[in-house]
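Examining the three-dimensional arrangement
Below, each chain spelled out in residue letters.
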Amino acid sequence: MPRPPIVALSAAAGALLLAACSSTPEGEASQASARADAQPDQRVAQRQAQRQRRGPQFGAVDDGARRVTGVQITDIFAPLDLPDPDEMRLGSGAPGPDWWQQRCDYVIDAELDAEARRLEATMEVAYHNNSPHELDFVWLQLEQNLFRNDSLGTQSRTPGSVMSTDLGAFEGGYDIPYIRSGGSELEFTVYDTLARVELAEPIQPGETFEFDLAFGFNMPPHLRRMGAEDVEQGTIFEYAQWFPHVAKYDDVHGWNTLPYIGNGEFYTDFGDFRVSVTVPRDFIVEATGVLQNPYDVLTETQRNRLDSARSSDETVVILGADEVGTPGARPEGDGPLTWEFAAENVRTVAFAASPAFIWDACKADVTNLDGTTKTVLCQSFYPKEAEAWYHDREYPEGRQGGSSQYIKHAIEFYSEWLYPYPYAEMSNINGPEGGMEYPGIVFCGAKTSDQGLFGVTDHEVGHNWYPMLVNTDERRYMWMDEGFNSFINIYSNQAFFNDPSYMRRGGAAALARVMNSELAQASNTAPDRHWPRWVGSLNYSKPAYALHLLREIVLGPERFDDAWKAYTHRWAFKHPQPSDFFRSMEDAAGADLSWFWRGWFLSAATLDQSVRDVTEIAEGQAGITLENLSDMVMPVVMDITFDDGEVVRRTVPVEAWGASNVWRVPVATGERSIVKVVLDPDIKYPEISRDNNTWEAAPSDAPGEVADATE
Ligand SMILES: [Zn+2]
């Protein structure tokens with residue numbers, strides 16, 4: 001099926017504008033007319049004579065497939081048109097000496113009215129303008145306004161997307177009675193999920209702007225990253241993207257004011273948070289960060305059990321199934337309790353609250369960057385309906401405690417491979433949301449199933465590296481968090497299940513169907529502009545699989561890991577753009593990968609390698625002619641079978657395609673002949689047509705005898 005040429009699919013993303021290339025190169029026509037002048041017999045004779053003069057022919061084959069004039073995409077190898085580097089974002093892909101980023105600290109006091117399912121809160125904000133710019137106004141992101149019936153997200157939703165289109169009579173969105181600074185009210189105007197706050201005076205570079213506000217909202221009746229679920233012993237509340245936060249001001253876009261429509265998650269500054277949540281006394285609360293007042297909200301038994309969990313590889317029950325709802329499970333007294341949490345250097349905070357929570361925990365061991373060690377508390381909160389969270393899997397050592405053990409595995413695996421997990425705790429909450437990630441806390445909906453629970457837990461915990469640590473713009477570049485995370489999940493799964501072949505999100509064949517669809521888009525497309533059914537494939541599976549191939553086939557694990565770790569360490573607690581990622585990987589791997597980024601991330605290219613023929617090109621030497629029939633290029637991996645039964649694996653680097661889409665590989669055959677050639681024998685590539693990957697000699701045909709029949 002014809003594929004569109006590689007054009008500026010990423011245009012709206014802003015940072016990476018690709019020059020469109022012509023799909024009808026001028027050279028084609030003139031070559032075709034020159035060929036028409038000669039009779040077929042004459043042409044064959046001319047070519048044979050030419051070939052005798054030049055000797056054996058292999059390498060790039062010039063038969064109209066040259067890249068400069070060829071029939072395929074011609075610029076797959078051209079340098080990417082990236083923004084000019086400067087002293088903030090260097091040509092090496094690292095942050096430079098002029099790096100700056102904003103910071104924003106929050107103190108939030110919230111009270112949950114569980115009956116009314118309403119949250120009321122006050123909030124103090126300290127916004128640190130570390131930019132060299134004067135700011136005349138401040139933009140807030142008001143993500144709860146997505147749940148209004150007239151929101152952009154509600155009105156623009158297509159059937160089959162993640163959120164229902166009709167909220168019925170529900171009144172969602174924020175009430176914000178005031179925003180004030182220094183005691184004076186500030187004017188603000190709400191535009192859907194954004195608000196522009198007017199300032200009495202501009203915020204100067206280096207200045208901290210302090211303001212405070214109040215807000216309240218009703219829990220939406222349906223899910224989108226947060227919600228409420230009724231279980232037998234009470235309701236589980238999950239709150240995420242729940243407080244008005246300052247929009248991210250950066251060097252690339254200024255204020256990042258893309259609205260919250262649904263697919264694009266968030267892009268925020270790091271900051272310190274102090275969050276207190278007041279709930280009915282029988283509730284257990286867990287939030288991003290560390291509980292500050294255990295003496296107020298936990299019993300002595302629970303505090304002691306938590307202490308032992310901090311040094312235990314085995315899961316310790318903090319609040320058992322038989323204790324939920326009993327008087328002894330809560331501190332004595334009457335009235336609501338306020339739970340206080342503190343979190344440092346996080347992108348946001350989320351929390352969950354319920355009287356139905358069972359609670360267990362264990363520790364993970366992490367080696368810090370300076371070589372010292374620490375333990376991370378891995379906690380799980382779930383209702384009795386999800387008791388599989390404890391009994392999900394029995395370890396060879398007899399250990400129990402599925403969810404907390406899965407967290408422990410993920411924290412230890414990713415810390416060792418990528419970057420030490422930076423926080424003190426990680427919690428997994430079972431409730432209405434199927435799978436969402438926030439710093440130090442994740443929501444996983446799976447209540448049963450062995451691999452399902454591991455997979456979603458591992459994935460959501462993995463997000464604490466991308467994008468909670470390496471802070472990318474999720475509203476524009478979903479592939480930089482979902483794709484990167486899905487990629488690292490491949491290896492965490494393989495390690496956990498001790499199965500090096502495990503591919504969590506499907507293999508080459510499934511991906512080929514996605515890439516060959518007429519609905520295919522570049523992964524580097526804002527997620528709210530992806531066709532709803534393809535959000536998962538283009539942001540999770542495809543980029544993850546691409547990186548897997550880059551590691552295993554293009555660069556090799558060692559070279560890839562050096563580059564991947566360099567990217568992660570350079571950009572930890574900073575915010576890279578796609579161009580920084582591309583540059584940093586090339587810089588640290590020592591490789592020009594323009595063709596890879598363009599083929600896999602910046603276009604909807606497809607891959608179709610084929611073996612055209614096998615001919616004798618000299619005494620004892622055969623030539624295997626390979627053809628790249630579509631617009632993506634990849635190295636070639638092939639198995640060559642000789643008539644004595646020996647199978648030899650040969651690889652051809654991607655550089656072979658640099659000049660032509662036809663390449664002839666010389667193979668020393670000696671007395672033998674080649675009877676079979678199979679490209680991509682391990683089925684690692686998403687080949688859109690695999691039937692042309694195999695060449696087999698007809699029983700009566702020795703390879704040399706078919707030479708000219710294939711011209
Ligand atoms: Zn994810």
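Residues numbered from 1 in each chain as written. Predicted model: local features only at pLDDT ≥ 70, side-chain atom pairs only at ≥ 80, totals over all residues.

**Overview of the overall build of the protein**
Secondary structure summary: the protein contains 14 helices and 32 strands in total. Every one of the 711 residues in the protein was classed for burial, and the buried ones make up 48%. Of the contacts formed within the protein by residues at least 6 apart in sequence, a portion of 73% connects residues at least 24 apart. (Helix = DSSP H or I, 4+ residues; strand = E, 2+ residues; numbered from the N terminus. Buried ≥ 20, exposed ≤ 12 C-beta atoms within 10 Å, placed from the backbone. Contact = placed C-beta atoms within 7 Å.)

**Regarding the packing of helix 10 (residues 508-515) against helix 11 (residues 535-555)**
Viewed as axis vectors pointing N to C, helix 10 and helix 11 meet at an angle of 130 degrees, and their least axial separation amounts to 11 Å. With respect to helix 11, the axis of helix 10 lies oblique. Relative to helix 11, the crossing made by helix 10 is left-handed. On helix 11, the residues that touch Leu511, Val514 and Met515 of helix 10 are Ser537, Ser541, Lys542 and Tyr545. In the contact of helix 10 with helix 11, the residues fall into 4 nonpolar, 2 polar and 1 charged. (Axes fitted to C-alpha atoms, helices over the stretch in contact; angles between N-to-C directions. Parallel < 35°, antiparallel > 145°, perpendicular 65-115°, else oblique. Left-handed = near helix turned anticlockwise from the far one by under 90°. Nonpolar A, V, L, I, M, F, W, Y, C, P; charged D, E, K, R; others polar.)

**Concerning the sheet that holds strand 16 (residues 284-287)**
Across the sheet, 4 strands lie side by side as 10-11-20-16; this open sheet has antiparallel pairing. Looking at the sheet topology across the chains shown, the edges are occupied by strand 10 (227-231) and strand 16. Here the strands of the sheet are splayed against their neighbours by 10 degrees on average, with no regard to which way each runs. Of the pairings in the sheet, the one linking strand 11 (residues 234-239) to strand 20 (residues 351-354) comprises 3 bridges and is antiparallel in character. If you follow tyrosine 239 over to strand 20, its bridge partner there is phenylalanine 351. (Pairing = 2+ DSSP bridges.)

**Focus on helix 13 (residues 578-589)**
Taking 1.5 Å of rise per residue, the 12 residues of helix 13 would be expected to cover 16 Å, and the 16 Å separating its terminal C-alpha atoms lies within 8% of that figure. The element helix 13 is largely enclosed, with a buried count of 10 among its 12 residues. As for helix 13, its buried residues are in contact with helix 11, helix 12 (557-571) and helix 14 (594-600). Positive backbone phi, at 70 degrees, marks glycine 590, one or two positions downstream of helix 13. (Expected span 1.5 Å × (residues − 1).)

**Thoughts on the nonpolar core**
Grouped together as the largest cluster of nonpolar side chains are 178 residues, with contacts concentrated most on Val277, Phe351 and Ile411. In terms of residue count, the dominant contributor to this core is helix 11 (8 residues). The contacts of valine 277, once residues within four sequence positions are left out, are Ala110, Leu112, Val285, Ala287, Trp339, Phe351 and Ala353. (Core = buried A, V, L, I, M, F, W, Y, C linked by C-beta atoms within 7 Å.)

**Looking at the sheet that holds strand 7 (residues 188-191)**
Read from one edge to the other, the open sheet built from 4 strands follows the order 7-8-4-12, with strand pairing classed as antiparallel. Every other strand in the sheet has two partners, leaving strand 7 and strand 12 (245-246) as the edge strands with one partner each. Here strand 7 pairs with strand 8 (residues 194-203) via 4 bridges, running antiparallel. Bridge pairing in strand 8 places tyrosine 191 opposite leucine 194.

**Quick word on the confidence of the model for the protein**
Note: predicted coordinates in regions of low pLDDT should not be interpreted at a detailed level. Residues of the protein with pLDDT of at least 70 account for 86%, and the chain-wide mean is 88. Counted against residues more than four places away or in other chains, residues 68-72, with its pLDDT under 50, gives 15 contacts. Residue range residues 703-711 is modelled with pLDDT below 50. Its contacts to residues more than four positions away, or to other chains, number 19 contacts. (pLDDT = per-residue confidence, 0-100.)

**Here's the deal with helix 10**
Turning to helix 10, its buried residues number three or more, namely Leu511, Ala512, Val514 and Met515. Projected down its long axis, helix 10 shows its buried positions confined to an angular sector of 160 degrees, all on one face. Residues of helix 10 that are buried make contact with helix 11. (Arc of directions from axis to C-beta.)

**Some details on the pairing of strand 28 (residues 636-642)**
Both strand 28 and strand 29 (residues 647-652) contribute to a ladder of 6 bridges, which runs antiparallel. In the sheet register, valine 636 faces strand 29, and the bridge partner there is valine 652. In this structure, the hairpin formed by strand 28 and strand 29 is closed by a connection of 4 residues, where glycine 645 is found at a positive phi of approximately 95 degrees. Examined bridge by bridge, strand 28 and strand 31 (residues 674-679) share 5 bridges and lie antiparallel to one another. Counterpart to aspartate 639 in the pairing with strand 31 is valine 678.

**A look at the pairing of strand 16**
In strand 16, alternate side chains face the same way, and those of Ile284 and Glu286 on one face and Val285 and Ala287 on the other are all buried. In this structure, strand 16 lies alongside strand 20, joined through 4 bridges in antiparallel fashion. When the bridges of strand 20 are listed, alanine 287 appears paired with phenylalanine 351.

**Points about unusual backbone geometry**
Following tyrosine 466, the chain continues to proline 467 via a peptide bond in cis, the omega torsion being 15 degrees. Within the secondary structure, proline 467 is located in the loop between helix 8 (450-462) and helix 9 (482-496). Unusually for a residue other than glycine, isoleucine 683 sits at a positive phi of about 55 degrees. Locating isoleucine 683 in the fold gives a position in the loop between strand 31 and strand 32 (694-696). By the C-beta count within 10 Å, which is 14 here, isoleucine 683 ends up partly exposed.

**Section: the environment of glutamate 586**
Among the structural elements, glutamate 586 can be located in helix 13. It is 8.4 Å that separates the C-alpha atoms of glutamate 586 and glycine 93, two residues lying 493 residues apart in sequence. In contact with glutamate 586, other than residues within four places in its own chain, are Ala591, Asp592 and Leu593.

**With respect to the environment of proline 500**
For proline 500, the position within the fold is in the loop between helix 9 and helix 10. Taking the C-alpha atoms as reference points, proline 500 and isoleucine 490, 10 residues apart in sequence, are found 9.2 Å from one another.

**Side note on the packing of helix 9 against helix 11**
Contact geometry of helix 9 with helix 11 gives a least axis separation of 7 Å together with a crossing angle of 55 degrees. Judged by the inter-axis angle, helix 9 sits oblique to helix 11. In this structure, helix 9 meets helix 11 at a crossing whose hand is right-handed. Contact residues: Glu482, Gly483, Ser486, Phe487 and Ile490 in helix 9; Asn539, Tyr540, Ser541, Pro543, Ala544, Leu547 and His548 in helix 11.

**What to know about the environment of isoleucine 488**
On the secondary structure map, isoleucine 488 appears in helix 9. Linking isoleucine 488 and glycine 462, residues 26 residues apart in sequence, is a C-alpha distance of 7.5 Å. Contact partners of isoleucine 488, with chain neighbours within four places excluded, come to Tyr414, Leu418, Gly462 and Trp465.

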